[in-house]
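Descriptive structure summary
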Amino acid sequence: MTAVAGMRPAARSRRVPSSAAPDPAILLPVAPVSVATRAMGGRLGVHVDAAPPEAERARRDGRRVLARVGRWADRLSRHLGTSELSRLNTDPRPRVRIGPTLAAVLRAAIDASEASDGLVDIGLLDARLAAEGIRPAGIATEELGTACLGTSARAWSLQAEPRGCAVVIRPPGLRLDLGGVAKGWLADRALDLLDGWPGAVVDADGDLALRAAPGRSWSVAVDDPRASGAALAVLRLSAPARGWPVRWGVATSGTSIHRWLRDGTVRHHLIDPRTGRPAVTDVVQATVVCASALRAEALAKAAVIAGTIEGLALLDRAGVGGAIVLTDHDEVLALPGTRDLLADDGD
Amino acid sequence: MEPGPPTRQPAAPAVPSARATRADPTGMRIILGAGGLVALSALVTAIVVPPAPASAPAPIPAASPATVARQRPVQYIQLAPGQSPPPGATVIDAKAPKPVTIVTRVPAPTPKTVVIRTTQSGKVIP
């Protein structure tokens, strides 16, 4: 009998940076001003920590940010035939020049790939469509990107151009799916646009970019996919009363929503780049708390793909602030640093 | 002179016979029988009637603030002969020291006035 384990011995969590550690003497829960719309196939919301006299201004700023982020999202969606991403995906040339917005997201995708040890790869669109039972239209099998062939090496690259533009270099036929990378990037950028408000949250379809004002805290429920409205945990993300606002990224990834039954087999949308197929994993859902929504989204997805043992080890190495994992045995596990982020019952 | 009527010899001290000194067992038999019936009744009652729960449940410790840390071993995948490890898994010798990690079990709390929710993409929030 042989034991198999991917976890390094004596893995330990890292502490949340001291500047972000909650101060029990403060932490006023926020009753925010909220506005929302739909983008990228999901919800897009802004919550601003604003006093009642400033509520209308906060609402106006929120709508302005939503409109701008919505325009960005329209360039990045593979579901819109007019988007810049769709034009890139249908362009047969191996080198295609792209504009600054798409170039910025592709640079973020490279960061996400590196942060996740290569487990997050936006070049797996055709593998995902195959999992859904959708054969890529107009693309011969031999033209599919190498990502579908089960390699962990990223098959595309960027060459910088002036004014933030870039040239995408890729094998013929390789199509990109920005997915969660775009949502995390959009959430972070939208929060930048709200820099006039010390406390704000951008919700990009469940991926959150948050900033807590000094002495204030945001309560964030971690969704329980097993029951509507239930929560696995409630996080309290706060900033010390004396100090600067603290910024967070919180993202959740999992296999329980985008899943399909094909040929008697349950498949889902998280493709393992090492196999080119839906990941075989014991993780149903992973939530990660760290410094940015982009990084949180990448690491959460990587933890699901890698499974409990390797995934927790990866998150530990990445030094995330907290992580909560739901396994297919209904276990709820968390890295030790998560304790500092959990809300008390009285909250 | 006619002999007088035989005088009664003074009774010799009575030698207790075994039969005469044995205690009457009836009382003891009744007591033992009654005790047996009681024991049998209790036994039958215990078998037939399951233990009833206490009228008030044992007090459950108040929900901790979700910060109970436990040290637990990493769950290993035990391979049967002929099986292959999953992709990316590191195969270690069974005799090697078992790696452990510390995790925190998070009891599910009841969210109160929580307005922000992190979900998987595509989740429809009621």
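Residues numbered from 1 in each chain as written. Chains lettered and ligands numbered in written order. Predicted model: local features only at pLDDT ≥ 70, side-chain atom pairs only at ≥ 80, totals over all residues. Heavy atoms only, no water.

Now for the overall build of chain B. A count of helices and strands for chain B gives two helices and five strands. Looking at chain B residue by residue over its 126 residues, the buried ones come to 13%. Total accessible area computed for chain B in this model is approximately 10100 Å², and 67% of it derives from carbon and sulfur atoms. (Helix = DSSP H or I, 4+ residues; strand = E, 2+ residues; numbered from the N terminus. Buried < 20%, exposed > 50% of the residue type's maximum accessible area, 1.4 Å probe, protein only. Areas by Shrake-Rupley, 256 points an atom, 1.4 Å probe, with all protein chains shown as cover.)

Quick look at the pairing of strand β8 (residues 200–204) of chain A now. Residues and elements named next belong to chain A. Among the five residues of β8, five are classified as buried, and the element is accordingly described as predominantly covered. Going residue by residue along β8, you find A200, V202 and A204 tucked away on one face and V201 and D203 tucked away on the opposite face as well. As paired strands, strand β4 (residues 42–48) and β8 are joined by five bridges and run antiparallel to one another. Of the residues in β8, the one forming a bridge with V46 is V202. Where β8 lies against strand β9 (residues 207–212), five bridges are found, and the strand directions are antiparallel. Of the residues in β9, the one forming a bridge with V202 is A209. Here β8 folds back onto β9 in antiparallel fashion, the turn holding two residues, of which D205 has a positive phi close to 55°. (Pairing = 2+ DSSP bridges.)

This next bit is on the pattern of salt bridges. All names here are of chain A. The final tally for this structure, using the stated rule, is 19 salt bridges over all chains. Across the pair D203 and R43 runs a salt bridge, and its minimum N-O distance is 3.0 Å. Separated by 160 residues along the polypeptide, D203 in strand β8 and R43 in strand β4 bring together distant segments of the chain. When its relative accessible area of 7% is taken as the criterion, D203 is described as buried. In this structure, the salt-bridge partner of R57 is E54, at a minimum N-O distance of 3.0 Å. (Salt bridge = Lys/Arg side-chain N within 4 Å of Asp/Glu carboxyl O.)

To continue, consider the sheet that holds strand β3 (residues 33–39) of chain A. All names here are of chain A. With antiparallel pairing, eight strands are arranged side by side in an open sheet as β3-β4-β8-β9-β12-β17-β18-β19. Here the strands that pair on one side only, and so sit at the sheet edges, are β3 and β19 (332–334). Averaged over all neighbouring strand pairs, the angle between strand axes comes to 10°, with direction disregarded. Of the strands in this sheet, β3 and β4 are in contact with helix α1 (residues 55–76), which crosses β3 at around 15°. (Axes fitted to C-alpha atoms, helices over the stretch in contact; angles between N-to-C directions. Contact = heavy atoms within 4.5 Å.)

For the rest of this paragraph, the subject is unusual backbone geometry. All names here are of chain A. In the Ramachandran plot, D205 falls in the positive-phi region, its phi being about 55° despite a non-glycine side chain. One can find D205 in the loop between β8 and β9. The phi angle at D330 is positive, at roughly 65°, despite the residue not being glycine. As for its position among the elements, D330 is in the loop between β18 (322–327) and β19. Since its relative accessible area comes to 51%, D330 is described here as exposed.

On to the environment of R189 of chain A, then. Residues and elements named next belong to chain A. Counting through the fold element by element, R189 comes out in helix α5 (residues 179–193). Look at R189 and you get partly exposed, because its relative accessible area is 28%. Remark: the alpha-carbon pair of R189 and L294, spanning 105 residues in sequence, is separated by 9.9 Å.

A few words now on the packing of α1 of chain A against helix α3 (residues 100–115) of chain A. Relative placement of two packed helices is described by the angle separating their axes and the distance separating the axes. Residue and element names in this part refer to chain A. Two elements in contact, α1 and α3, have axes whose closest approach is 10 Å; the angle formed by their N-to-C orientations is 75°. The pairing of α1 with α3 is recorded here as roughly perpendicular in orientation. Across from W72, R75 and L76 in α1, the residues of α3 making contact are T101, L102 and V105. Looking at the contact of α1 with α3, its residues break down into four nonpolar, one polar and one charged. (Parallel < 35°, antiparallel > 145°, perpendicular 65-115°, else oblique. Nonpolar A, V, L, I, M, F, W, Y, C, P; charged D, E, K, R; others polar.)

Attention now moves to the confidence of the model for chain B. Reading predicted coordinates in detail is not appropriate for stretches of low pLDDT. All names here are of chain B. When pLDDT is averaged along chain B, the result is 60, and 29% of the positions lie at 70 or above. For chain B, the element scoring lowest by mean pLDDT is strand β1 (residues 69–73), at 45; strand β5 (residues 116–118) scores highest, at 88. Note that pLDDT drops below 50 for residues 49–75; the model gives that stretch 33 contacts with residues more than four away or on any other chain. For this predicted complex, the interface score ipTM comes out at 0.77, while the overall pTM is 0.68. (pLDDT = per-residue confidence, 0-100.)

Our next topic: the packing of aromatic side chains. All names here are of chain A. Taken as a whole, this structure holds one aromatic pair over all chains when the rule is applied. Considering the side-chain rings of W72 and W185, the 5.7 Å spacing of their centres and the 55° angle between planes classify their relative orientation as tilted. Taken together, the residues W72 in helix α1 and W185 in helix α5 connect sequence positions 113 residues apart. Each member of the pair, W72 as well as W185, carries the same accessibility label: buried. (Phe/Tyr/Trp six-rings, centres within 6.5 Å; stacked < 30°, edge-to-face > 60°.)

You can see D188 of chain A is positioned in helix α5. Despite its burial, D188 of chain A pairs with no opposite charge; the closest candidate is R247 of chain A, at 4.1 Å N-O. (Lys, Arg positive; Asp, Glu negative; His and termini not counted.)

This next bit is on the packing of α1 of chain A against α5 of chain A. Residue and element names in this part refer to chain A. Two elements in contact, α1 and α5, have axes separated by 10 Å at closest approach and are oriented at 150°. One way to sum up the angle between α1 and α5 is to call them roughly antiparallel. The chirality of how α1 crosses α5 is right-handed. Residues R64, V65, R68, V69, W72, A73 and L76 of α1 lie in contact with α5, whose contacting residues are A182, W185, L186, R189, A190 and L193. Residue composition of the contact of α1 with α5, grouped by class: 10 nonpolar, no polar and three charged. (Left-handed = near helix turned anticlockwise from the far one by under 90°.)

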